[in-house]
Each structure stands twice: as structure tokens, then as C-alpha cells.
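A structural walkthrough
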Amino acid sequence: MPRPIDLSTRWLGLDLPNPIIASACPQNADLDMLKKLEDAGAAAAVMPSLFEEQIEFEEWQFGGLSDYGAESFAEAGSYFPELNDYNSGPDQYLENIEQARKAVSMPIIGSLNGVTRGGWTRFAQQIESAGASALELNMYYLPTDPKITSAQIEETYLELVQEVKGNISIQLGVKIGPFFSSLPNFAARLVEAGADGIILFNRFLQPDLKNDLTEIEPLLSLSDHREIRLPLRWIAILHGRIQASLAATSGICSGEDVIKMLLSGADAAMITSIIMRKGPGVVSEMIAQMQHWMQEHGYRSVEQLKGSMSHRNCPNPAAFERSNYMKALTSFQSPEV
Ligand SMILES: Cc1cc2nc3c(=O)[nH]c(=O)nc-3n(C[C@H](O)[C@H](O)[C@H](O)COP(=O)(O)O)c2cc1C
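First, a word on scope: everything that follows refers to the structure included in this document. Please read all numbers here as calculations on a predicted model, not as lab measurements.

**Some points on the pairing of strand β12 (residues 245–249)**
Within β12, five of the five residues are buried, which leaves it mostly tucked inside the rest of the structure. Alternating residues of β12 divide into S245, A247 and T249 and L246 and A248, and every residue in both groups is buried. Note: strand β9 (residues 197–200) against β12, four bridges, orientation parallel. Within β12, the residue paired with G197 across the bridge is S245. When β12 meets strand β13 (residues 268–271), the two strands line up parallel, connected through three bridges. Among the inter-strand pairings, A248 is bridged to a residue of β13, identified as A269.

**What to know about the pairing of β13**
Side chains A268 and M270 of β13 all project onto a buried face; the interleaved residues A269 and I271 project onto the opposite face, where all are buried too. Pairing of strand β3 (residues 20–22) with β13 involves three bridges; the strand directions are parallel. Note that in β13 the partner of A22 across the bridge is I271.

**As for a nonpolar patch on the surface**
Nonpolar side chains collect at one region of the surface, where L209, L213 and I216 lie side by side and expose about 330 Å² of accessible area between them. Within the secondary structure layout, L209 lies in strand β10 (residues 208–210).

**Thoughts on the side chain of N138**
You can see N138 is positioned in strand β7 (residues 134–138). Only 2.7 Å separates the side chain of N138 from the side chain of N202, close enough to count as a polar contact. If we ignore the near neighbours within four places in the chain, the residues touching N138 are S49, L112, N113, G114, K175 and N202.

**Considerations on the environment of S111**
Its location among the elements puts S111 in strand β6 (residues 108–113). Classification of S111 as buried rests on a relative accessible area of 1%. If we skip the residues at most four places from it in the chain, S111 touches A24, V46, M47, P48, S49, L50, Y93, L135 and E136.

**Brief notes about helix α6 (residues 150–166)**
Under the 1.5 Å per step criterion, the end-to-end length of α6 is 24 Å for 17 residues, consistent within 8% with the ideal 24 Å. Buried within α6 are the following residues: I153, E154, Y157, L158, L160, V161 and V164. When α6 is viewed along its axis, its buried side chains cluster within an angular range of 160° and face the same direction. Within α6, the exposed residues directed more than 90 degrees away from the buried face are A151, Q162 and G166. Turning to α6, the residues buried within the fold contact α5 (123–129), β7, β8 (171–176) and α7 (183–193).

**Quick notes on the pattern of salt bridges**
Any two side chains of opposite charge can pair, given that their charged atoms come close. Following the criterion strictly, the structure yields eleven salt bridges and no others. Between K210 and E215 there is a salt bridge, and its shortest N-O distance comes to 4.0 Å. One network of salt bridges, in which partners are shared, links R117, E159 and E163.

**Overview of the packing of aromatic side chains**
Enumeration over the complete set of coordinates arrives at four aromatic pairs. With 6.2 Å between their ring centres and 65° between their planes, Y157 and F180 make a pair best called edge-to-face. One end of the pair, Y157, is in helix α6; the other, F180, is in the loop between β8 and α7, and 23 residues separate them in sequence. One exposure class covers both Y157 and F180, and it is buried. Here Y157 falls in the buried class, since its relative accessible area comes to 6%.

Cut-off values and rules
Residues numbered from 1 in each chain as written. Predicted model: local features only at pLDDT ≥ 70, side-chain atom pairs only at ≥ 80, totals over all residues. Heavy atoms only, no water. Buried < 20%, exposed > 50% of the residue type's maximum accessible area, 1.4 Å probe, protein only. Helix = DSSP H or I, 4+ residues; strand = E, 2+ residues; numbered from the N terminus. Pairing = 2+ DSSP bridges. Patch = residues over 30% accessible without salt bridge, like charges linked within 9 Å, V, L, I, M, F, W, Y side chains within 5 Å. Areas by Shrake-Rupley, 256 points an atom, 1.4 Å probe, with all protein chains shown as cover. Salt bridge = Lys/Arg side-chain N within 4 Å of Asp/Glu carboxyl O. Polar contact = N/O pair within 3.5 Å; in protein donor to acceptor, adjacent residues only side chain to side chain. Contact = heavy atoms within 4.5 Å. Expected span 1.5 Å × (residues − 1). Arc of directions from axis to C-beta. Phe/Tyr/Trp six-rings, centres within 6.5 Å; stacked < 30°, edge-to-face > 60°.

Printed below as a string of C-alpha cells:
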């Protein structure tokens, strides 16, 4: 008789029955989808992000934000209707959270996407009042001006985190991209600014040229499992070095991928692409795969797994570092030549 396995974990102050969370995407605004995810065993779901620009546009329309002029929204006006379909718009967003809370018993996590401080961050408090169990802040700024320094951008992010955190009493997870010169330092400062958890990593649009190469196509593609390597490395490095919980997102496609992230030091694993490919039932498959692997390898709890292959704890920390790069180059053999 196999011994029972304890998959429970803690993320953003929430006690979860297992580490698999349905990551932010428009499908999670649909109540049927949320029920299916819960039935399949998802531990929590994140609502699609509401954007800073949407909130400011609405407040500007109703006269709440005098510091914004019509020109601030001139370009945005063309895509706002689609955005409101995407995440139901600021009005409906709160109602959607309330309905989701009633429809399922798993925690519902709100999500805001923005880059600058301002009146819009008060919306964080309304998301909490609507019943969100925690909040994600997705910060996605793409600098094009060579005069803007990385220090300035990081400072702006930190101020934003501080401001959002100041508006809520639920825990705050900050979702970041991988492009920082010193990620450990920035992560530590995010925690000082008020982040309770860090979500690694945002996947950015990778534009391409199309139509006889005369048009820019903003491509969003679903991930594949090779993408886990980027968050895996950084979670392994951050584990035990910063006082925050860590969630992995990007490329997680199987129970084994979840186990890899936990071994590296993650507290939770967030998935979107694999649900879009296979449907919500994939969550129960992944849970079964996790249990099977843990049973076979003699692990009885997720807590036992966490961080045992992190940079600090693994037998060969150099494998996560620069020296491994040199070794990989010198030992590489092309299968073709
Ligand atoms: C269609 C689509 C919509 C998404 N919308 C959001 C969003 O609104 N907010 C957010 O933080 N992430 C969003 N994401 C990112 C996912 O939450 C997730 O972090 C990312 O896709 C990596 O996980 P995956 O490899 O399992 O897809 C979206 C991803 C996809 C594919």
C-alpha cells in the first residue's frame, strides 16, 4: 500500500492543496472554465490582467483624473474595446472576481498590469474588496530610449510595488521578466518594497516581419517545455537568498516539469499554454504524474522537494553558473557533423 503523498504548499499566504495554479489568461474569466479547472484539481486561478491604461482611461472619462489629457489615450482608443473583451474592462472586472469567488472555492487571484505610479493603483484595493485572495502585479515596460538607465527603470518598478502594496492587505506577487543585469539584487529590492512573492517569468511578445516583410507582426505563441530552463535556473539561484515565495511560469507542461521547479526552489507552478493546448483536464494528469514520480523516488511531501536542487543545495552549483557555459561550449558536439 503506497504511503499518502502531501502535495500541499503555501503561496502568497494561501494554503494550497497542491502547487499547480492556472496562470493569468482570458479563459480564467470564464466561470465554466474555473469550475473545470477546480474539478481537475487546480489549486488556484489568476484572473486576466487589467491594464493601467484601461483604468486610467475610465477614470479620465468620468473626470477622476485631471492630469491626463485626451492625447494620452489617442492611440490606446483603438485597442481599448478589444482589451475590454479580453478582461471584461474595469467595471466588470470586479464583478467577475465576485462571481468567480461564488462559483468556486479555490482562491481567485487578481492581476494588474502596469508600469507607473498613479491613481490607477487604488484599483488594487477594489480588487481585494471584490474578494481576491491575493494580487499579482505584472510589470512589463519595454525601454526604447537609450537615455533611460536600468537604475531608473528599476526605481520606477520599486516605487510601483510600494504603492500597490500600500493599497492592499492581501499578499502581493510581482511578475517580472528575465532581463535584469542583476536579478538577485533586483529581486531582493522588490521584497524590500513589499513583494511577498515573485513570479518568474513574464513571456514577452517577440515581433516578426510579415507580408513581404513590410509589416510588424506582434506574435504571441504558446510555450513549449524547453522554456522551463530560464525560470528554473533563476528560481534555483534565488531560493534561500530572498525572503519571498517563488512561483515558476513558462513552459511547464507535465508533472515532471512541476517537480523540477519545486526541486529548484519554487513554491508554486503556474500554467497557461498546456491548458490551452489540452484543456483543463490536464491539471489532474499532471497531479497524477507528480504523485507517481514522488512515490517512485521516495518523497512524501512537496516540502521535502522544495529547493533540494537549488543553487545552494545541489551537489554541483557551478552547473547554474558561468563556468557551466564554458564547459558546455567546449564539450558540445553537433549531432549533424
Ligand atoms: C493568451 C495568453 C494570455 C495571457 N494573458 C496574461 C495576462 O493577462 N496577465 C499575465 O500576467 N499573464 C498573461 N499571460 C501569461 C501567462 O499567465 C503565463 O505566465 C505564460 O503564458 C507562461 O506560462 P505557460 O508557458 O504555461 O503558457 C497570458 C498568456 C497567454 C498565452
